[in-house]
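# Remarks on the overall topology
Here's the letter readout for the chains.
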Amino acid sequence: DVKVTQSSRYLVKRTGEKVFLECVQDMDHENMFWYRQDPGLGLRLIYFSYDVKMKEKGDIPEGYSVSREKKERFSLILESASTNQTSMYLCASRRVLSSYNSPLHFGNGTRLTVT
Amino acid sequence: AQSVTQPDIHITVSEGASLELRCNYSYGATPYLFWYVQSPGQGLQLLLKYFSGDTLVQGIKGFEAEFKRSQSSFNLRKPSVHWSDAAEYFCAVGAEAAGNKLTFGGGTRVLVKP
């Protein structure tokens, strides 16, 4: 079974802090994604990565950056956290066989509160 | 750009009753369509997907969905709801021309009454 692990379930950070959210998958998936989930807005794509050292902006990349130095790990970075980044963050991965056919596998999420 | 609308934010249904969740998408070409479920405190789990072929798709947990191109819809149904079906449900659309991105709807939260 695919396992996508997010390092923290809950985080509380102060405004202006640099925040790292870590995600690890154990199935050698090429694609990895970071979404944020807010009530009524569903999931919105922040960044995704086709493969190691590759990254693409999603729909709401402002205020975020990412790092993918190893295939299994995809990090989301908030350079200077702000209160409007308080949200649930979900990581997902997908194998590229025929990428549009492959379902996303999600982690359990990290609930970030910025005070 | 592709978009997904789930018109119902909340639905309350009695245990044993039928359930239908609506999903409308906007995309010019043939979409790939998905339904995911999120139980409290969990990530999202794939219920079913449609790419081509038979427009009635069977999924896990007794769910099915029907793709209707003429209505740009992909509604999710279950004939008899169980208390464990209380969760949030998300419809998502992807397409080859849109690259690797999925676009999600806003979600529908289902409450199950005993």
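Structural data are supplied above this passage.
Definitions and limits used
- Residues numbered from 1 in each chain as written.
- Chains lettered and ligands numbered in written order.
- Predicted model: local features only at pLDDT ≥ 70, side-chain atom pairs only at ≥ 80, totals over all residues.
- Heavy atoms only, no water.
- Helix = DSSP H or I, 4+ residues; strand = E, 2+ residues; numbered from the N terminus.
- Rg over C-alpha atoms; globule rule 2.2 N^0.38 Å.
- Buried < 20%, exposed > 50% of the residue type's maximum accessible area, 1.4 Å probe, protein only.
- Contact = heavy atoms within 4.5 Å.
- Areas by Shrake-Rupley, 256 points an atom, 1.4 Å probe, with all protein chains shown as cover.
- Lys, Arg positive; Asp, Glu negative; His and termini not counted.
- Charge placed at Lys NZ, Arg CZ, Asp CG, Glu CD.
- Buried area = accessible area lost by both parts, 1.4 Å probe.
- Salt bridge = Lys/Arg side-chain N within 4 Å of Asp/Glu carboxyl O.
- Polar contact = N/O pair within 3.5 Å; in protein donor to acceptor, adjacent residues only side chain to side chain.
- Nonpolar A, V, L, I, M, F, W, Y, C, P; charged D, E, K, R; others polar.
- Disulfide = S-S within 2.5 Å.

On to the overall build of chain B, then. Scanning chain B from N- to C-terminus turns up zero helices and 12 strands. Overall, chain B shows an N-to-C arrangement of helices and strands of β-β-β-β-β-β-β-β-β-β-β-β. For chain B, the C-alpha radius of gyration of 14 Å lies close to 13 Å, the compact-globule estimate for 114 residues. Over its C-alpha atoms, taken along the principal directions, chain B stretches across nearly 45 × 30 × 20 Å. Counting over 114 residues, chain B shows a buried share of 48%. If you take every contact in chain B between residues at least 6 apart in sequence, the share linking residues at least 24 apart comes to 55%. For chain B, the computed accessible surface area is about 5300 Å², with 49% contributed by carbon and sulfur atoms. Considering chain B, the positive charge centre built from 10 side chains and the negative charge centre built from 9 side chains are found 3 Å apart.

To continue, consider the overall build of chain A. The helix and strand tally for chain A stands at zero helices and 12 strands. For chain A, the sequential pattern of α-helices and β-strands runs β-β-β-β-β-β-β-β-β-β-β-β. Relative to the 2.2 N^0.38 estimate, which gives 13 Å for 115 residues, the radius of gyration of chain A is 13 Å and therefore close to what a compact globule would have. Here chain A holds 115 residues, and the buried ones make up 49% of them. A sequence separation of at least 24 residues applies to 55% of the contacts in chain A between residues at least 6 apart. Of the roughly 5600 Å² of accessible surface on chain A, a fraction of 49% belongs to carbon and sulfur atoms.

With that out of the way, let us pick up the interface of chain A and chain B. On the side of chain B, 22 residues touch chain A, which itself brings 23 residues to the contact. Together chain A and chain B conceal approximately 1800 Å² of surface at their shared face, both sides included; 53% is due to carbon and sulfur atoms. At the junction of chain A and chain B, the tally comes to zero salt bridges. Counting the contacts that link chain A with chain B gives four residue pairs in polar contact (both at pLDDT 80 or more). Secondary-structure elements contributing two or more residues to the side of chain A that touches chain B are β5 (31–38), β6 (42–49) and β10 (87–94) of chain A. For the side of chain A that touches chain B, the class distribution of residues is 12 nonpolar, eight polar and three charged.

Moving on, we get to the state of the cysteines. A complete count under the given rule lists two disulfides over all chains for this structure. Put simply, A:Cys23 and A:Cys91 are joined by a disulfide, and their sulfur atoms are 1.9 Å apart. Linking A:Cys23 and A:Cys91, the disulfide has an S-S dihedral of approximately -75 degrees and is accordingly described as left-handed. Pair noted here: A:Cys23 is in strand β4 (residues 23–25) and A:Cys91 is in strand β10, with a separation of 68 residues, a long-range link. Since its relative accessible area comes to 0%, A:Cys23 is described here as buried. Through a disulfide, B:Cys23 is tied to B:Cys91; the S-S separation comes to 2.0 Å. Negative torsions about the S-S bond denote left-handed disulfides, and the value of about -65 degrees found for B:Cys23 with B:Cys91 makes this one left-handed. With B:Cys23 in the loop between β3 (19–21) and β4 (24–26) and B:Cys91 in strand β10 (residues 87–94), this pair connects stretches of sequence that are 68 residues apart.

Moving on, we come to the environment of B:Leu33. Residue and element names in this part refer to chain B. Mapped onto the secondary structure, leucine 33 falls in strand β5 (residues 32–38). With relative accessibility at 0%, the residue leucine 33 sits in the buried group. With 29 residues separating them in the primary sequence, leucine 33 and valine 4 have C-alpha atoms 10.0 Å apart. Contacts of leucine 33, omitting those with residues within four sequence positions, involve Tyr25, Leu48, Lys49, Tyr50, Phe67, Phe74, Ala92 and Val93.

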